Amino acid sequence: MPTAPVPAIEAVQGFVPSRSVAIEEVADRLGINRHQLRVFQRVHGLARLPMDPDLGLIDLLAAPARALVPTAADRDRIRYLVYAHTAPDVAPAHVSTAQELCRRLDLPRAEAFAVTQQNCASGLAAVDIAVQLLLADGDTDGRALVVTGEKASSRIFSVIPNTTVMGEGSAACLVGVAGAGRRIRSYAVRTRGEYAQLYRPQPDVLAEFFTSYTPAVVEIIRQAVHEAGLSPQEITMIVPHNVNNSSWRGVIRELGFGVERIYLDNVPRYGHCFGSDPFINLASMRDEGRLRDDGVYLLAAVGLGATYAAMVIGG
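Thresholds applied
- Residues numbered from 1 in each chain as written.
- Predicted model: local features only at pLDDT ≥ 70, side-chain atom pairs only at ≥ 80, totals over all residues.
- Heavy atoms only, no water.
- Helix = DSSP H or I, 4+ residues; strand = E, 2+ residues; numbered from the N terminus.
- Rg over C-alpha atoms; globule rule 2.2 N^0.38 Å.
- Buried < 20%, exposed > 50% of the residue type's maximum accessible area, 1.4 Å probe, protein only.
- Contact = heavy atoms within 4.5 Å.
- Areas by Shrake-Rupley, 256 points an atom, 1.4 Å probe, with all protein chains shown as cover.
- Lys, Arg positive; Asp, Glu negative; His and termini not counted.
- Charge placed at Lys NZ, Arg CZ, Asp CG, Glu CD.
- Core = buried A, V, L, I, M, F, W, Y, C linked by side-chain atoms within 4.5 Å.
- Pairing = 2+ DSSP bridges.
- Axes fitted to C-alpha atoms, helices over the stretch in contact; angles between N-to-C directions.
- Phe/Tyr/Trp six-rings, centres within 6.5 Å; stacked < 30°, edge-to-face > 60°.
- Lys NZ or Arg CZ within 6 Å of the ring centre and 35° of its normal.
- Parallel < 35°, antiparallel > 145°, perpendicular 65-115°, else oblique.
- Left-handed = near helix turned anticlockwise from the far one by under 90°.
- Nonpolar A, V, L, I, M, F, W, Y, C, P; charged D, E, K, R; others polar.

Peer 1: Honestly, the overall build of the protein in this entry has me stumped. Any pointers?
Peer 2: Tallying secondary structure elements over the protein gives nine helices and 13 strands in all. Expected size for 315 residues packed as a compact globule is a radius of gyration near 20 Å; at 19 Å, the protein falls within 12% of this value. Looking at the protein as a whole, 55% of its 315 residues qualify as buried. Contacts in the protein between residues far apart in sequence, at least 24 positions, make up 80% of those at least 6 positions apart. Per element, the accessible surface of the protein, about 13700 Å² overall, is 49% carbon and sulfur. Placing the 30 positive and 33 negative side-chain charges of the protein at their respective mean positions leaves the two points 4 Å apart.

Peer 1: In this structure, what is going on with the nonpolar core? I would like to understand it.
Peer 2: As a rule of thumb, nonpolar side chains are buried together in soluble globular proteins. Grouped together as the largest cluster of nonpolar side chains are 45 residues, with contacts concentrated most on Ile 221, Ile 238, Trp 248, Leu 298 and Tyr 308. Looking at this core, the elements that each hand over two or more residues are helix H1 (23-26), helix H2 (34-43), helix H6 (203-227), helix H7 (245-255), strand E12 (296-303) and strand E13 (307-314). Element by element, the count of residues in this core is highest for H6, at nine residues. Within the second largest apolar cluster, 40 residues are counted, among which are Val 131, Met 237, Tyr 263 and Met 311.

Peer 1: Where do I start with the sheet that holds E13 in this structure?
Peer 2: Pairing between sheet strands relies on hydrogen bonds along the backbone, with the strands arranged either parallel or antiparallel. Pairing is mixed across the open sheet formed by nine strands, whose spatial order is E5-E4-E6-E9-E1-E10-E13-E12-E11. Two strands close off the open sheet at either side, each with one partner strand: strand E5 (111-115) and strand E11 (237-239). Each strand of the sheet is rotated relative to its neighbour by a mean of 25°, with strand direction disregarded. Contacts from helix H5 (residues 122-137) reach strand E1 (8-15), strand E4 (78-84), E5, strand E6 (143-150), strand E9 (169-176), strand E10 (182-191), E12 and E13, with the element oriented near 165° to E6.

Peer 1: Please explain the packing of aromatic side chains as it appears in this structure.
Peer 2: Both the distance between ring centres and the angle between the ring planes are used here to describe each pair of aromatic rings. One pass over the full model with this rule turns up three aromatic pairs. An angle of 70° between the planes, with centres 5.5 Å apart, marks the rings of Tyr 195 and Phe 209 as edge-to-face. Pair noted here: Tyr 195 is in the loop between E10 and H6 and Phe 209 is in helix H6, with a separation of 14 residues, a long-range link. Taken together, a centroid distance of 5.9 Å and an interplanar angle of 75° make the contact between Phe 209 and Tyr 213 edge-to-face. Placement of the pair is Phe 209 and Tyr 213 together in helix H6, with a separation of four residues, close to one helical turn. An aromatic cluster is present here, built from Tyr 195, Phe 209, Phe 210 and Tyr 213 joined pairwise through their rings. The ring centre of Phe 257 lies 3.8 Å from the NZ or CZ of Arg 261, which sits over that ring.

Peer 1: Would you mind showing me how to read the packing of H6 against H7 here?
Peer 2: To characterise two packed helices, one gives the angle between the axes of the helices and the distance between these axes. In the contact formed by H6 and H7, the axes pass within 9 Å of each other and the chain directions differ by 55°. It follows from the interaxial angle that H6 and H7 lie oblique. Relative to H7, H6 is oriented so that their crossing is right-handed. Residues Tyr 213, Thr 214, Val 217, Val 218, Ile 221 and Arg 222 of H6 pack against Ser 247, Trp 248, Gly 250, Val 251, Glu 254 and Leu 255 of H7. Counted by class, the contact of H6 with H7 contains seven nonpolar, three polar and two charged residues.

Peer 1: Please clarify how unusual backbone geometry should be interpreted in this entry.
Peer 2: If a residue is not glycine, its phi is most likely negative; likewise, a peptide bond is most likely trans. A cis amide bond, omega -5°, links Gly 305 with the succeeding residue Ala 306. The topology assignment puts Ala 306 in the loop between E12 and E13. If you check the backbone angles, Phe 274 has positive phi at about 55° while not being a glycine. Following the sequence through the fold, Phe 274 ends up in the loop between helix H8 (266-270) and helix H9 (277-287).

See the structure below:
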């Protein structure tokens, strides 16, 4: 009797450039005045940003992906390469970054495409899309490689005013449906289209977004936990996106979680690396020996526009 498919993240790898800058070094270039800088540093907990102007986009993306390809046992089993990015355009219109990355990784049998519509929540969406494609294929030997990451190409994509500053980073996940790795127990997502113009918002819309932010994040986390058939007490840790420390402290306070149940160590190290944060954080926790084999982890991200997403894995 065939084994029922069990979606899982089989492996994860994060990458940040070795070069970094203190945020005060780039404040003038990014239009951050001294009062805003003080808020970023003292209130939001931001300190340094990985940045390497000599590192090309494909090189940035290939670094974590190349580490995962050998773990698939047979690279021909990688049926899909899904590249998730935040900015609508990361390369000239005639260049397919996903297909170029596929060529760089020597994955001739993989179908390569990009996902971007959910901004910084696109990485979690890409994992779910990969799962749905593999399930539709009905082949438990198939795998998908999900890759995230980008470089801040302009000032508008480098700073979210009074909220966060963007660093450079990338991540890759190997996704399968054969049950190996940390199984995906739920994925919850909600998009609130009334905030679709947040790059150039009306003041009243921006104020409403920030007022509703914590309740909306709490709601999607609770939904993901419920759909996983768990209670909040059974979540080992939240693995968040690195928007800032202060907003997440508001979320965990509302959830009734202690600060020890959320991983915020990379906020001062890396800033907000677009949609790569939860995966970079998961890899950091593994490398630091902070992932339990029987642990249950909740990945969370918010994309401007506004999309709230949470995924429960493990257990």
